[in-house]
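This is what each chain is made of:
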Amino acid sequence: GAGVSQTPSNKVTEKGKYVELRCDPISGHTALYWYRQSLGQGPEFLIYFQGTGAADDSGLPNDRFFAVRPEGSVSTLKIQRTERGDSAVYLCASTLAPGANEQFFGPGTRLTVL
Amino acid sequence: TQLLEQSPQFLSIQEGENLTVYCNSSSVFSSLQWYRQEPGEGPVLLVTVVTGGEVKKLKRLTFQFGDARKDSSLHITAAQPGDTGLYLCAGGSFDSWGKLQFGAGTQVVVTP
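Residues numbered from 1 in each chain as written. Chains lettered and ligands numbered in written order. Predicted model: local features only at pLDDT ≥ 70, side-chain atom pairs only at ≥ 80, totals over all residues. Heavy atoms only, no water.

### Describing the sheet that holds strand E3 (residues 19-24) of chain A
All names here are of chain A. Reading across the sheet, the four strands line up as E1-E3-E8-E7 and stay open at both edges, with antiparallel pairing between neighbours. Pairing within the sheet leaves two strands with one partner each, and these edge strands are strand E1 (5-7) and strand E7 (65-68). Each strand axis lies, on average, 15° off the axis of its neighbour in the sheet, ignoring direction. Both E1 and E3 contribute to a ladder of three bridges, which runs antiparallel. (Pairing = 2+ DSSP bridges. Helix = DSSP H or I, 4+ residues; strand = E, 2+ residues; numbered from the N terminus. Axes fitted to C-alpha atoms, helices over the stretch in contact; angles between N-to-C directions.)

### Here we look at the environment of Lys 15 of chain A
Residues and elements named next belong to chain A. By the element assignment, Lys 15 lies in the loop between strand E2 (10-13) and E3. Measuring from C-alpha to C-alpha, the distance between Lys 15 and Val 113 comes to 5.8 Å, with 98 residues separating the pair along the chain. Apart from residues no more than four positions distant in its own chain, Lys 15 is found in contact with Thr 82, Arg 84, Val 113 and Leu 114. (Contact = heavy atoms within 4.5 Å.)

### Considering the interface of chain A and chain B
Of the residues lining the interface, 20 residues belong to chain A; the matching set on chain B comes to 20 residues. If you sort the residues of chain A by the area they bury against chain B, Pro 43, Asn 101 and Phe 105 of chain A come out on top, with a joint share of 28%. In this assembly, chain A and chain B are joined by zero salt bridges. Put simply, chain A and chain B have three residue pairs in polar contact (both at pLDDT 80 or more) between them. With three residues, the single largest contributor to the side of chain A that touches chain B is strand E4 (residues 31-37) of chain A. (Buried area = accessible area lost by both parts, 1.4 Å probe. Salt bridge = Lys/Arg side-chain N within 4 Å of Asp/Glu carboxyl O. Polar contact = N/O pair within 3.5 Å; in protein donor to acceptor, adjacent residues only side chain to side chain.)

### Some points on the nonpolar core
Looking at soluble globular proteins, one finds that nonpolar side chains tend to be buried together. Leu 19, Leu 32, Trp 34, Leu 74, Ile 76 and Val 108 of chain B are the most contacted members of the largest nonpolar core, which totals 21 residues. The set of elements that each furnish at least two residues to this core consists of strand E2 (10-14), strand E3 (19-24), strand E4 (32-37), strand E5 (44-49), strand E7 (61-65), strand E8 (71-76), strand E9 (85-92) and strand E11 (106-111) of chain B. Apart from residues lying up to four places away in sequence, Val 108 of chain B is in contact with Leu 11, Leu 19, Val 21, Asp 83, Thr 84, Gly 85 and Tyr 87 of chain B. By size, the runner-up hydrophobic cluster in this structure holds 20 residues, among which are Leu 21, Ala 67, Ala 88 and Cys 92 of chain A. (Core = buried A, V, L, I, M, F, W, Y, C linked by side-chain atoms within 4.5 Å. Buried < 20%, exposed > 50% of the residue type's maximum accessible area, 1.4 Å probe, protein only.)

### Considering the layout of surface pockets
In this model, the largest pocket occupies a volume close to 580 Å³. Around the largest pocket, the lining comprises 28 residues; the ones closest to its centre are Gln 37, Leu 39, Val 89 and Arg 110 of chain A together with Gln 37 of chain B. Going through the elements one at a time, strand E9 (88-95) and strand E11 (109-113) of chain A together with E9 and E11 of chain B are the ones with two or more residues in the lining of the largest pocket. Element by element, the count of residues in the lining of the largest pocket is highest for E11 of chain A, at four residues. (1 Å grid on protein atoms, 1.4 Å probe; cavity = no way out; pocket = protein on both sides within 12 Å on 5 of 7 lines; lining within 4 Å. Points joined across faces, edges and corners; volume = space filled by probe spheres on them.)

### Regarding the sheet that holds E8 of chain B
Residue and element names in this part refer to chain B. Reading across from one edge, E1-E3-E8-E7-E6 is the order of the five strands in this open sheet, with antiparallel pairing throughout. Only two strands of the sheet have a single partner each, and these edge strands are strand E1 (5-7) and strand E6 (55-58). Averaged over neighbouring strand pairs, the angle between their axes works out to 15° when direction is ignored. Pairing of E7 with E8, which is carried by five bridges, proceeds in the antiparallel orientation. Looking at the pairing, Leu 61 lines up with Ile 76 of E8.

Geometric values such as these leave the question of function open.
Here it is in structure tokens:
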């Protein structure tokens, strides 16, 4: 009965390193979304999954960003060769079905790239 | 770049006062949602409006969707300290189910 969980809650890394951010959606939710929220801004859409497949990845900023959801549940957002501009809070959300009214958000992972 | 412009960016009022937050865009949206976000947490949905001209009331909160489905407003009556938070509007896309475009948010602070 838990909500969306994200790990780690905080991640500090050095420029050029690789990071993985994990999202556990609400059980039974088929759609999963990733957003990025920079300081003073609203969440910015990155990608969403319907089941195991990426239904819309138009928000991924470049090819350093990649996300997977191999079993249609947990998702991992992967960032290669991190840059200082990648520092932000990465939010994950899930819904029972795509287009369902309410997206349930996790608390986010705060990524800091030094 | 945010497609949805929210105003004001920051609002500080005393308990018992009323406030209105605006969300404007040049784009038409399939739906418009309002979320509230508190520090260290993800946004939480307050309401979804889908029909142009629609007005929804939830206790002390009144939400309005513009006739042309490009703008919305959130009005809070007799604000309370518990209303403090970042209010975000988000527009739904016609061509991508579930994809939301968020505004930058309005930070509301209600002091006792």
